[in-house]
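The primary structure of each chain is shown beneath.
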Amino acid sequence: MARILVIEDDSSMREMLKELLERKGYEVATADNGAKGVSMYMEDPADLIITDMIMPVKSGAHVILDIKKHYPKVKIIAISGYWDRTVEEYLEVAEILNARYTFKKPFSLEELLRAVKELIGNT
């Protein structure tokens, strides 16, 4: 079974993603901040990371940098919903850091699921 780590500080978004992905047959672990997410990944790497870009303790950019330093081929989807025009800048940073997909909140769940399926397949 493919494993996904969701790193998201917003509890309702985190739980919605967890429930959605579990219904599709994925095993899902969650972290409520970037530092916890990096620690969890280093202890037990997942097949895919979905990370928010703007979080307390450690930003999504730092999550991507820290994990890619040790696991350069990690597959990452970055999401962000910061409500001003800089959201695109945060997602551009994720792309520069080689996140495979980026999504601006609110995003289409169907598009997210297509990206997940492309990156790690169906279970």
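Preceding this paragraph is the structure being described.
A brief look at the structure comes next.

## Describing the pattern of salt bridges
Here is step 1: Per the stated rule, a full pass over the model turns up eight salt bridges.
Here is step 2: The salt bridge partner of Asp-44 is Arg-3, with a shortest N-O separation of 3.3 Å. Note that Asp-44 is positioned in the loop between α2 (34-43) and β3 (48-52) and Arg-3 in strand β1 (residues 3-7), a separation of 41 residues in sequence.
Here is step 3: The partly exposed category is assigned to Asp-44, whose relative accessible area is 43%.

## Some words on the pairing of β3
Here is step 1: Burial runs high along β3: five of the five residues are buried.
Here is step 2: Residues Leu-48, Ile-50 and Asp-52 point to one face of β3 and Ile-49 and Thr-51 to the other, with burial holding for every one of them.
Here is step 3: Where β1 meets β3, four bridges bridge the pair, whose relative direction is parallel. Within the sheet, the bridge partner assigned to Ile-4 lies in β3 and is Leu-48.

## Looking at the nonpolar core
Where a protein is soluble and globular, its nonpolar side chains tend to be buried together.
Here is step 1: The biggest cluster of nonpolar side chains holds 21 residues, and the ones touching the most others in it are Ile-4, Leu-21, Ile-50, Ile-77 and Val-116.
Here is step 2: Of all the secondary-structure elements, those providing two or more residues to this core are β1, α1 (11-23), β3, β4 (76-80) and α5 (109-120).
Here is step 3: Here the element with the most residues in this core is α5; it accounts for six residues.
Here is step 4: Leave out the neighbours within four places in its chain, and Ile-4 touches Leu-21, Tyr-26, Glu-27, Val-28, Ala-29, Ala-46, Leu-48, Ile-50, Val-116 and Ile-120.
Here is step 5: Of all hydrophobic cores here, the second largest spans 20 residues; its members include Met-55, Ile-64, Ile-76 and Leu-91.

## So, the side chain of Asp-52
Here is step 1: As for its placement among the helices and strands, Asp-52 is situated in strand β3.
Here is step 2: In this structure Asp-52 comes out as buried when scored by relative accessible area, which is 3%.
Here is step 3: Apart from residues lying up to four places away in sequence, Asp-52 is in contact with Ile-7, Glu-8, Asp-9, Gly-60, Ile-79, Ser-80 and Lys-105.

Cut-off values and rules
Residues numbered from 1 in each chain as written. Predicted model: local features only at pLDDT ≥ 70, side-chain atom pairs only at ≥ 80, totals over all residues. Heavy atoms only, no water. Salt bridge = Lys/Arg side-chain N within 4 Å of Asp/Glu carboxyl O. Helix = DSSP H or I, 4+ residues; strand = E, 2+ residues; numbered from the N terminus. Buried < 20%, exposed > 50% of the residue type's maximum accessible area, 1.4 Å probe, protein only. Pairing = 2+ DSSP bridges. Core = buried A, V, L, I, M, F, W, Y, C linked by side-chain atoms within 4.5 Å. Contact = heavy atoms within 4.5 Å.

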